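Summary of structural features
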Amino acid sequence: ALQPEPRAAAHTARSAAAMAAAEASAGARASELRVRDGSRRAFYREFQRVVEAADVVLEVLDARDPIGSRCREVEEYVRAVGGAEKRLVLVLNKVDLVPREVALRWLAHLREELPCVAFKCSTQLKGDRMAGSWRGSAIRWGKANAKRGRVPEKTAEEIEAEHQSATCLGSETLMHLLKNYARNKGMKTAITVGCVGFPNVGKSSLINSLKRKTVATAGAMPGVTRATQEVHLDRHVKLIDSPGIVFADAGGGAGAEARAALRNCVRMEQLADPAGAVAEIVRRCPRERLMALYRAPAFSNVDEFLAGVARSRGKLRRGGAIDRDAAARTVLQDWSSGTIPYYTLPPAKPAD
């Protein structure tokens, strides 16, 4: 019998191994997609429960891009379920990340359709203690550590500046609005308020800020909230946090994933092409601002920009080769945290 040549046998073995690896990879990818699809359905069911149980629905928007973070499908569902009886309120969150005049213009624009409240969440200092209760302890802590020689004692002005940057804004206005709804309905029990919106717009942080301590799990990554969470603010108001949901991108096309990434709706490790999302950032932001932020040389496309970021941030492989994906993840992390300054303007009113 004829025996196959050693080279041919080795080639056949490598081909079979490659095919097996490809099939395994495809199977893992299909399994991941099934899990993610199941998670989306589960999140949507949680969202439905929150809307159906709520007397008032708060739709939380990102002040940097209110239109991009606004979901008309959510608003249509709220109206379909509750009609005129179920109140819908817009919360313009993260107003500290945009200029004051821009926030005021967005408030005026959004209030033409729905009630809208400007909001800035408290930043967490330590444990479950939120801003508003830590100023005195911060002063005492600073003095004690200064005596031990650990850190220089901070001035009262520095403590106050930190306090102002961490203080919640808009909570009193929002609570007043919610309690007015409760009085108008003549409710003897607590009014139920549902928080909905895209992932990572600050729904859980808003609840923590209103409660003045950490009661809802929050994080910078999308998908931290996996199920509904109920929080009693007082005997009049009960809040329900919901997982962020993402409806189909109306724009569709190849840029749909990039737009979802810039809305922080997709985890970076799930992106097929992180550089595609960075290309959208380069398209939106002034190049001079990006060059100054990353100390990058002039660039004409996203590849040249990522090469400059990789060199300035040390995202290099062995031999000095550019690690394009690592540089792209660095830029996306800066975008998510607000390090890259960016905001949109409301649409211009048509001339009379």
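Here, every reference points to the structure presented above.
Residues numbered from 1 in each chain as written. Predicted model: local features only at pLDDT ≥ 70, side-chain atom pairs only at ≥ 80, totals over all residues. Heavy atoms only, no water.

Right, let's talk about the overall build of the protein chain for a bit. Helix and strand counts for the protein chain stand at twelve helices and eight strands. Residues classed as buried in the protein chain amount to 41% of the 352 residues present. Of the roughly 19700 Å² of accessible surface on the protein chain, 52% is carried by carbon and sulfur atoms. (Helix = DSSP H or I, 4+ residues; strand = E, 2+ residues; numbered from the N terminus. Buried < 20%, exposed > 50% of the residue type's maximum accessible area, 1.4 Å probe, protein only. Areas by Shrake-Rupley, 256 points an atom, 1.4 Å probe, with all protein chains shown as cover.)

Mapping Gly202 onto the fold places it in the loop between strand E6 (191–196) and helix H7 (203–211). With relative accessibility at 16%, the residue Gly202 sits in the buried group. Not counting chain neighbours up to four residues away, the residues in contact with Gly202 comprise Val60, Asn93 and Cys121. (Contact = heavy atoms within 4.5 Å.)

What follows deals with unusual backbone geometry. Even without being a glycine, Lys94 presents a positive backbone phi close to 65°. Positionally, Lys94 belongs in the loop between strand E2 (87–93) and helix H3 (100–110). Lys94 gets classed as buried once you look at its relative accessible area, which sits at 16%. The residue Arg295 is not glycine, and still its phi comes out positive at about 50°. Secondary-structure assignment places Arg295 in the loop between helix H10 (287–294) and helix H11 (302–313).

Before going further, it helps to examine H7. The buried fraction of H7 amounts to seven of the nine residues, a majority that puts the element mostly inside the structure. Of all the residues in H7, the buried ones are Lys203, Ser204, Leu206, Ile207, Asn208, Ser209 and Leu210. Just past H7, the residue Arg212 takes up positive phi, approximately 70°.

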